[in-house]
Amino acid sequence: DIISTVEFNYSGDLLATGDKGGRVVIFQREQENKSRPHSRGEYNVYSTFQSHEPEFDYLKSLEIEEKINKIRWLPQQNAAHFLLSTNDKTIKLWKISERDKRAEGYNLKDEDGRLRDPFRITALRVPILKPMDLMVEASPRRIFANAHTYHINSISVNSDHETYLSADDLRINLWHLEITDRSFNIVDIKPANMEELTEVITAAEFHPHHCNVFVYSSSKGTIRLCDMRSSALCDRHSKFFEEPEDPSSRSFFSEIISSISDVKFSHSGRYMMTRDYLSVKVWDLNMENRPVETYQVHEYLRSKLCSLYENDCIFDKFECCWNGSDSAIMTGSYNNFFRMFDRNTRRDITLEASRESSKPRAILKPRKVCTGGKRKKDEISVDSLDFNKKILHTAWHPMENIIAVAATNNLYIFQDKIN
Amino acid sequence: EMEDKVISPEKVEEAKLKARYPHLGQKPGGSDFLRKRLQKGQKYFDSGDYNMAKAKMKNKQLPTAAPDKTEVTGDHIPTPQDLPQRKPSLVASKLAG
């Protein structure tokens, strides 16, 4: 099925994917193999479970998709792993635990579970733990439902490890991980008169270190930073980030392509990155009036906006991610291309995630899109790009140079070449 | 005579779009878009309609009954499972709008 979200956990040992069918598949990195010392651990399937099912909203006669919009891991506190997964309306906390021992020799039960005849029991039998084949179980521990009128686009676990936020088009709610029957509304941008609606919330995230700070982005290309200490309802922002626009260059498409599809804090907490249709921007949290860095993802699409509007591609929501040291950023594009930018050297690269172009263990060849007239060998012209092959979701291992790229219904995992 | 300013590619695209859809809304990023976005999700007439649509996807059998089904009626009182499926509404009623 089509992959709709990809996320590494805090150690990078686990990689979770959610798909359009409501399923979650978790991959685990294999321990380094002594017989193959030069090969880094590969990721193999660890657990698969159905997280969400399709539902029907009786009041509005609308179908609620089971598609997993986001997965966010909780930091690991014991042997089990916890993650939050959400569809448009309901967030669920899942516990993934391993079982490698089984108790045998129960006193009152047979091996197949049937109760023994109490009159036949003449001696005490104490069960002993015996090893068994590893079983990975996923169980839903909390279900956070009925708090969103509109469609959930983001969830973000707070650095306090106790609370998390969930954001829909018009509202952001704060939850406690232990409490499912109550949630606090912290942002509400719904106008009294819906005719006056001019923008929606597109993404939200908690600051990685300051548990009172979060940001949310809008369809108008702005980001608001809010401080929960200043008031219970954070409708009034503490900081407002917007790049000034040249009014003479404004067109019908300006607002649509400025809509921010993803916002991510850097690991350091000093910067944040936003993705709009054509570019990725890095913002310094101390400077609200413009981004400090702007990277063009696929500027050649600017002269194709008319067709991209007609085929709806202009509304595609691309995500972006940082590497562990915040020195590089990555985002997807069309034709199964994805782009990486090195913030220090200012070098960028375009790679392709497809079976035809890469064999296992082969080094990826950089790609180039030809914009001008003469197409060089190995270049691809803009008109040959396949706009159905979009890479919307990518993830970067928190510490190493391992990346996960979702190309429609295939997951690719790439690693740095080992010297 | 050369123009002083080069027309941006975006404006060229905008002109193309306006040529194809002359009645396109005045407020491009405004209410219509957003309202459509908030309304995302396929609408059905009611829960019965929804369940019929779901069943149709799962049910690979043709609506024209299989041979064993044609034998049922007339022989004994048919049960709901024996009857051919109702065709779900193809067009959502205007009431649903």
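First, a word on scope: everything that follows refers to the structure included in this document. (Residues numbered from 1 in each chain as written. Chains lettered and ligands numbered in written order. Predicted model: local features only at pLDDT ≥ 70, side-chain atom pairs only at ≥ 80, totals over all residues. Heavy atoms only, no water.)

1. Description of the overall build of chain B
For chain B, the helix and strand inventory stands at 4 helices and 0 strands. Each helix (α) and strand (β) of chain B, taken in turn from the N terminus, gives the series α-α-α-α. Burial status across chain B gives 18% buried among its 97 residues. For chain B, the accessible area works out to roughly 8,100 Å², and carbon and sulfur atoms hold 59% of it. (Helix = DSSP H or I, 4+ residues; strand = E, 2+ residues; numbered from the N terminus. Buried < 20%, exposed > 50% of the residue type's maximum accessible area, 1.4 Å probe, protein only. Areas by Shrake-Rupley, 256 points an atom, 1.4 Å probe, with all protein chains shown as cover.)

2. So, the overall build of chain A
On a plain count of helices and strands, chain A comes out with 2 helices and 31 strands. Here the C-alpha coordinates of chain A stretch approximately 95 × 60 × 40 Å along the principal axes. Counting all 419 residues of chain A, 52% fall into the buried class. Summarising the internal contacts of chain A: among those between residues at least 6 apart in sequence, 51% fall at separations of at least 24. Looking at chain A as shown, the accessible area adds up to about 21,000 Å², and 48% of this sits on carbon and sulfur atoms. Side-chain charges of chain A comprise 58 positive and 62 negative groups, with the mean position of each set lying 5 Å from the other. (Contact = heavy atoms within 4.5 Å. Lys, Arg positive; Asp, Glu negative; His and termini not counted. Charge placed at Lys NZ, Arg CZ, Asp CG, Glu CD.)

3. Things to note about the sheet that holds strand E31 (residues 410–415) of chain A
Residue and element names in this part refer to chain A. The strand order across the open sheet formed by 3 strands is E29-E30-E31, and the pairing between neighbours is antiparallel. Bordering the open sheet on either side are strand E29 (393–396) and E31, each of which pairs with just one other strand. The average angle at which neighbouring strand axes cross in this sheet is 15°, direction not considered. (Pairing = 2+ DSSP bridges. Axes fitted to C-alpha atoms, helices over the stretch in contact; angles between N-to-C directions.)

4. A short note on the pairing of E29 of chain A
Residues and elements named next belong to chain A. Neither face of E29 is left uncovered, since the one carrying His393 and Ala395 and the one carrying Thr394 and Trp396 both have all their residues buried. Pairing between E29 and strand E30 (residues 402–407): 4 bridges, direction antiparallel. Opposite histidine 393, over in E30, you have alanine 406 as the bridge partner. Where E29 hands over to E30, the hairpin turn is made up of 5 residues, counted between the paired strands.

5. Quick word on unusual backbone geometry
Positioned with a positive phi, aspartate 378 of chain A is a non-glycine residue whose angle comes to about 80°. As for its placement among the helices and strands, aspartate 378 of chain A is situated in the loop between strand E27 (368–370) and strand E28 (379–381).

6. Quick word on the nonpolar core
Counting residues in each nonpolar core, the largest one holds 30 residues, and the members touching the most others are Tyr277, Leu301, Leu308, Tyr309, Ile314 and Leu385 of chain A. Those elements that place two or more of their residues in this core are helix H1 (254–258) and helix H2 (305–310) of chain A together with helix H2 (31–38) of chain B. Here this core takes 4 residues from H2 of chain A, the largest share from any one element. When near neighbours in sequence (up to four residues on either side) are disregarded, leucine 385 of chain A contacts Tyr300, Asn335, Phe337, Val369 and Ile380 of chain A. Judged by nonpolar contacts, the second largest core, of 15 residues, contains Met330, Phe338, Met340 and Trp396 of chain A. (Core = buried A, V, L, I, M, F, W, Y, C linked by side-chain atoms within 4.5 Å.)

7. Describing the side chain of glutamate 13 of chain B
Tracing the chain through its elements places glutamate 13 of chain B in helix H1 (residues 9–20). By relative accessible area, glutamate 13 of chain B is classed as buried at 2%. For glutamate 13 of chain B, the side chain forms a polar contact with the main-chain nitrogen of cysteine 306 of chain A, separated by 2.7 Å. Setting aside residues no more than four positions away along its own chain, glutamate 13 of chain B makes contact with Phe253, Arg302, Ser303, Lys304, Leu305, Cys306 and Ser307 of chain A. (Polar contact = N/O pair within 3.5 Å; in protein donor to acceptor, adjacent residues only side chain to side chain.)

8. Looking at the interface of chain A and chain B
Listed by partner, the interface residues are 43 residues for chain A and 29 residues for chain B. Summing both sides of the interface, chain A and chain B together bury roughly 3,200 Å²; the carbon and sulfur share of this comes to 58%. Here arginine 37 of chain B ties to aspartate 169 of chain A by a salt bridge, and the two come within 3.5 Å at their closest N and O atoms. Counting every contact that joins chain A to chain B gives 12 residue pairs in polar contact (both at pLDDT 80 or more). Every element with two or more residues in the side of chain A that touches chain B is listed here: strand E5 (55–57), strand E6 (62–64), strand E15 (201–206), H1 and H2 of chain A. In terms of residue count, H2 of chain A provides more of the side of chain A that touches chain B than any other element does, 5 residues in total. Its residues placed into classes, the side of chain A that touches chain B shows 18 nonpolar, 11 polar and 14 charged. (Buried area = accessible area lost by both parts, 1.4 Å probe. Salt bridge = Lys/Arg side-chain N within 4 Å of Asp/Glu carboxyl O. Nonpolar A, V, L, I, M, F, W, Y, C, P; charged D, E, K, R; others polar.)

9. Some words on the packing of aromatic side chains
Enumeration according to the criterion identifies 22 aromatic pairs over all chains in this entry. When the centroid spacing of 5.2 Å and the interplanar angle of 75° are considered together, the rings of phenylalanine 144 of chain A and tyrosine 164 of chain A count as edge-to-face. Here tyrosine 164 of chain A lies in strand E12 (residues 163–167) and phenylalanine 144 of chain A lies in strand E10 (residues 128–144), a separation of 20 residues in the sequence. Judged on exposure class, the residue phenylalanine 144 of chain A and its partner tyrosine 164 of chain A are both buried. Ring centres 6.1 Å apart and planes at 55° place the aromatic pair tyrosine 309 of chain A and phenylalanine 315 of chain A in the tilted group. When its relative accessible area of 14% is taken as the criterion, tyrosine 309 of chain A is described as buried. Put simply, the rings of Phe56 and Tyr58 of chain A together with Tyr44 and Tyr50 of chain B pair up and form one aromatic cluster. The ring of tyrosine 106 of chain A is capped by lysine 109 of chain A, whose NZ or CZ atom sits 4.6 Å from the centre of that ring. For the cation-ring pair, arginine 343 of chain A lies above tyrosine 271 of chain A, with the distance from its terminal atom to the ring centre recorded as 4.8 Å. (Phe/Tyr/Trp six-rings, centres within 6.5 Å; stacked < 30°, edge-to-face > 60°. Lys NZ or Arg CZ within 6 Å of the ring centre and 35° of its normal.)

10. Section: the sheet that holds strand E11 (residues 154–157) of chain A
Sheet strands pair via backbone hydrogen bonds, and the direction of the pair is either parallel or antiparallel. All names here are of chain A. The sheet built from 4 strands is open, its strands ordered E11-E12-E13-E14 with antiparallel pairing. Two strands in the sheet have a free side with no partner beyond their single neighbour: E11 and strand E14 (179–188). On average, each strand axis in the sheet is tilted by 25° relative to the strand beside it, whichever way the strands run. Judged from the 5 bridges that link them, strand E13 (residues 171–176) and E14 form a sheet pairing that is antiparallel.

11. Side note on the pairing of strand E1 (residues 3–8) of chain A
Along E1 of chain A, 6 of the 6 residues are buried, which leaves the element largely enclosed by surrounding structure. A loop of 5 residues connects E1 of chain A with strand E2 (residues 14–19) of chain A, the two strands running antiparallel in sequence, and glycine 12 of chain A in this loop sits at a positive phi of about 85°.

12. Quick word on the pattern of salt bridges
Opposite charge on two side chains makes pairing possible when the charged atoms of those side chains draw close. Residues and elements named next belong to chain A. Summed over all chains, the structure comprises 34 salt bridges over all chains. With a closest N to O distance of 3.7 Å, lysine 70 and glutamate 319 form a salt bridge. Separated by 249 residues along the polypeptide, lysine 70 in strand E7 (residues 70–73) and glutamate 319 in the loop between H2 and strand E23 (320–322) bring together distant segments of the chain. With relative accessibility at 7%, the residue glutamate 319 sits in the buried group.

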